[in-house]
Amino acid sequence: MRVDEHPILGPAARSNRVWIELDGKRIEAYEGEPIAVALIAAGVKWFRKTVKGHAPRGIFCAIGRCTDCVMIVDGIPNVKTCVTPVRNGMKVQTQIGRGNWGVSDGEV
Ligand code: FES
């Protein structure tokens, strides 16, 4: 869900409509909005699973402080999607554990 009409700020300014990819599935987004906003608008509820127990995590602070929203973006793990703007054609992946840095640490 996106806020289209804010009671104080008025109508939302929208940039170009673009597409990103989440785990191979195309999702519509607006260029420059946080990746997390595009994912939530598409109905995505969790973005990663924890190292211990693989518990699902999604948005918590939404200001780049907690790391609950980290995902693999264009091959780079641990990207905070709540503060990372959308670019057309981005490839976003659900992150399991610490993500893959190309080094085996027992987690994938
Ligand atoms: S939700 Fe806390 S860093 Fe993104």
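Our structure's up above, just so we're on the same page.
Attention here is on the structure that accompanies the text. What you are looking at is a predicted structure, and each value in this text was computed from that prediction instead of being measured.

**Comments concerning the overall build of the chain**
Part 1: Secondary structure assignment for the chain yields one helix and ten strands.
Part 2: Relative to the globule expectation of 13 Å for 108 residues, the C-alpha radius of gyration of the chain, 14 Å, shows essentially globular dimensions.
Part 3: Expressed along its principal axes, the backbone C-alpha trace of the chain runs to roughly 50 × 25 × 20 Å.
Part 4: Counting every atom, the chain has about 6,800 Å² of accessible surface; 55% of that belongs to carbon and sulfur.

**A closer look at unusual backbone geometry**
Part 1: The backbone of H54 sits at a positive phi, close to 50°, despite the residue not being glycine.
Part 2: Within the fold, H54 resides in the loop between β5 (48-49) and β6 (56-57).
Part 3: H54 sits in the partly exposed class, given a relative accessible area of 36%.
Part 4: Non-glycine residue D74 carries a positive phi angle of around 50°.
Part 5: Note on placement: D74 falls in the loop between β7 (70-73) and β8 (76-80).

**So, the sheet that holds β7**
Neighbouring strands of a sheet are bound in pairs by backbone hydrogen bonds; such pairs are parallel or else antiparallel.
Part 1: With mixed pairing, five strands are arranged side by side in an open sheet as β4-β3-β9-β7-β8. A strand with exactly one partner marks an edge of an open sheet, and here the two such strands are β4 (25-30) and β8. Taking the axes of each pair of neighbouring strands and ignoring which way they run, one obtains an average angle of 40° across the sheet.
Part 2: Bridging between strand β3 (residues 17-22) and strand β9 (residues 91-93) involves two bridges; their strand directions are parallel. Counterpart to E21 in the pairing with β9 is K91.

Reading guide: rules and limits
Residues numbered from 1 in each chain as written. Predicted model: local features only at pLDDT ≥ 70, side-chain atom pairs only at ≥ 80, totals over all residues. Heavy atoms only, no water. Helix = DSSP H or I, 4+ residues; strand = E, 2+ residues; numbered from the N terminus. Rg over C-alpha atoms; globule rule 2.2 N^0.38 Å. Areas by Shrake-Rupley, 256 points an atom, 1.4 Å probe, with all protein chains shown as cover. Buried < 20%, exposed > 50% of the residue type's maximum accessible area, 1.4 Å probe, protein only. Pairing = 2+ DSSP bridges. Axes fitted to C-alpha atoms, helices over the stretch in contact; angles between N-to-C directions.

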